[in-house]
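Notes for the structure review
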Amino acid sequence: MSSIDLTGKAAFVTGSAGGMGAACARKFAEAGAAVALADLQGDKVAQQAESISKDTGGKCISFPLDVSKWDDVESAVAKAAAEFGRLDIMVNCAGIGMRKPFDEFTQGDVDRIFDINAKGVWYGCVAAGKVMVKQRSGVIINFASIAVRLGVPHLTVYAGSKAAVCAFTQGLGRELAPHGVRVCAVLPGHVRTPMMEKDLELWTNHGTEEEKAACFAELVAQEGIPLGHPQQPEDVADTVLFLASDMASNITAQIVSIDGGCTISY
Ligand SMILES: NC(=O)c1ccc[n+]([C@@H]2O[C@H](COP(=O)([O-])OP(=O)(O)OC[C@H]3O[C@@H](n4cnc5c(N)ncnc54)[C@H](O)[C@@H]3O)[C@@H](O)[C@H]2O)c1
């Protein structure tokens, strides 16, 4: 039996106070990596780091971080790399969702979505890429969404920001390949994280847990998942773990869906 061993490696995960970022950080720590967790929710990410470190015995540090601020991203990544003496894995997971009819988005909404979901990912790519190019090794994994392949009404601006992430990933993957650095993106499907909870609260008008579960099941049924069930944060984190590992050493510039077959592309 083979398993993934990241002993001696160091990872940085943005958005790691939230559902999928925290799951990725935990998987890395379980595999033996030292992990830096960063999130806008500074207190929550510090608690996550403490809890993961306690459960896994691994080294975890945390940063309060707004990924939409270029200098702050550069500085947090540099501090983590200095603390660990290296940076092998960068996961740009921080993101926000926003569903509105096209004529209800304000200029501020559009700016905020692109600042965090698209520019924030680019800032993380640049900060980590500089360290990794010098090191001549590393992998960057960016979070996009199946919304780029589905064309979802009311998720237009969000999908646009995530499409930018896919385009960055493909170009940067090829640009950094000669330097020994890989870049991939993941497209999660339907995952019941705090981001999805906000939508469920809205759609059910702050309904009961049963109402929210029924609403989520309806969304999943509408979009049709061949494997028949939605995704868990751990399903996505397992794929991120694989892409971060040497088992994926011949994979770069790729966009990988974790959606039970909901979308296809070739
Ligand atoms: N939940 C889903 O169904 C789904 C589907 C497809 C893609 N995604 C994407 O997956 C990623 C993770 O989402 P999640 O579902 O775990 O959501 P989540 O809300 O649980 O986690 C997102 C985290 O990002 C943090 N964040 C937001 N703005 C930030 C900023 N400016 N700087 C730093 N951190 C910031 C939040 O505080 C939060 O902890 C996001 O990029 C999201 O767009 C989610």
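Residues numbered from 1 in each chain as written. Predicted model: local features only at pLDDT ≥ 70, side-chain atom pairs only at ≥ 80, totals over all residues. Heavy atoms only, no water.

Further remarks concern the nonpolar core. Within the largest apolar cluster, 50 residues are counted, with the highest numbers of intra-cluster contacts made by Phe 12, Phe 63 and Ile 140. Tallying contributions element by element places helix α4 (residues 107–135) first for this core, with 8 residues. When residues no more than four places from it in sequence are discounted, the contact partners of Ile 140 are Met 90, Asn 92, Cys 125, Ala 128, Gly 129, Met 132, Leu 176, Arg 182, Val 183 and Cys 184. One finds Leu 37, Val 45, Ala 237 and Val 240 within the second-largest nonpolar core, a separate group that totals 35 residues. (Core = buried A, V, L, I, M, F, W, Y, C linked by side-chain atoms within 4.5 Å. Buried < 20%, exposed > 50% of the residue type's maximum accessible area, 1.4 Å probe, protein only. Helix = DSSP H or I, 4+ residues; strand = E, 2+ residues; numbered from the N terminus. Contact = heavy atoms within 4.5 Å.)

Structurally, the α-helix is built with 3.6 residues per turn, so residues lying three or four positions apart point the same way. The terminal C-alpha atoms of helix α6 (residues 156–176), which comprises 21 residues, lie 30 Å apart, in line with the 30 Å expected from a rise of 1.5 Å per residue. Those residues of α6 lying buried are Val 157, Tyr 158, Ala 159, Ser 161, Lys 162, Val 165, Cys 166, Thr 169, Leu 172, Gly 173 and Leu 176. On its buried face, α6 sits against α4, β5 (138–143), α5 (147–150), β6 (181–188), α7 (194–203) and β7 (255–258). (Expected span 1.5 Å × (residues − 1).)

With that out of the way, let us pick up the pattern of salt bridges. Per the counting criterion, the structure on display carries 13 salt bridges. A salt bridge links Asp 109 to Lys 100; its shortest N-O distance comes to 2.7 Å. Classification of Asp 109 as buried rests on a relative accessible area of 12%. Here the residues in one salt-bridge network are Arg 192, Glu 197 and Glu 209, joined through shared partners. (Salt bridge = Lys/Arg side-chain N within 4 Å of Asp/Glu carboxyl O.)

Of all 5 residues that make up strand β1 (residues 10–14), 5 are buried, and the element is covered over most of its length. In terms of strand pairing, β1 meets strand β2 (residues 34–39) through 5 bridges, oriented parallel. Considered in β2, the bridge of Val 13 is made with Leu 37. Of the strand pairs in this sheet, β1 and strand β4 (residues 89–92) are connected by 3 bridges, and their pairing is parallel. Bridging from a neighbouring strand, Ala 11 pairs with Ile 89 of β4. (Pairing = 2+ DSSP bridges.)

All right, on to the domain arrangement of the chain then. Per the domain assignment, the segments of the chain are domain 1 (10–190 + 232–258) and domain 2 (192–230). Inter-centroid distance (C-alpha atoms) of domain 1 to domain 2 is 24 Å. With 13 residues of domain 1 in contact, the opposing surface of domain 2 contributes 12 residues. Carbon and sulfur atoms make up 62% of the surface buried where domain 1 meets domain 2, a total of about 940 Å² over both sides. The largest contributions to the domain 1 side of the interface with domain 2 come from Gly 19, Arg 99 and His 190, which together make up 62% of the buried area. (Domains from an automatic or database assignment. Buried area = accessible area lost by both parts, 1.4 Å probe.)

Within the structure, the ligand sits among 29 residues, and Met 20, Asp 39, Tyr 158, Lys 162 and Thr 193 are positioned closest to it. Between Met 20 and the ligand, the recorded distance is 2.8 Å, taken from a backbone N or O atom to an oxygen atom. The contact in question runs from an oxygen atom of the ligand to an N or O atom on the side chain of Gln 41, over 3.0 Å. Look at the ligand: alone it shows 830 Å² of surface, and the protein chains cover 94% of it. Going through the elements one at a time, α1 (19–30), α6 and α7 are the ones with two or more residues in the shell around the ligand. The element best represented in the shell around the ligand is α7, accounting for 3 residues. Split by residue class, the shell around the ligand holds 17 nonpolar, 9 polar and 3 charged. Split by domain, the shell around the ligand shows at least three residues from each of two domains, domain 1 (10–190 + 232–258) and domain 2 (192–230). (Near = heavy atom within 4 Å. Polar contact = N/O pair within 3.5 Å; in protein donor to acceptor, adjacent residues only side chain to side chain. Areas by Shrake-Rupley, 256 points an atom, 1.4 Å probe, with all protein chains shown as cover. Nonpolar A, V, L, I, M, F, W, Y, C, P; charged D, E, K, R; others polar.)

A word on the packing of aromatic side chains. Evaluation of the coordinates by the stated rule reveals 3 aromatic pairs. Ring centres 5.0 Å apart and planes at 50° place the aromatic pair Trp 122 and Phe 168 in the tilted group. Within this pair, whereas Trp 122 is found in helix α4, its partner Phe 168 is found in helix α6, the two being separated by 46 residues in sequence. Given a relative accessible area of 24%, Phe 168 falls into the partly exposed group. (Phe/Tyr/Trp six-rings, centres within 6.5 Å; stacked < 30°, edge-to-face > 60°.)

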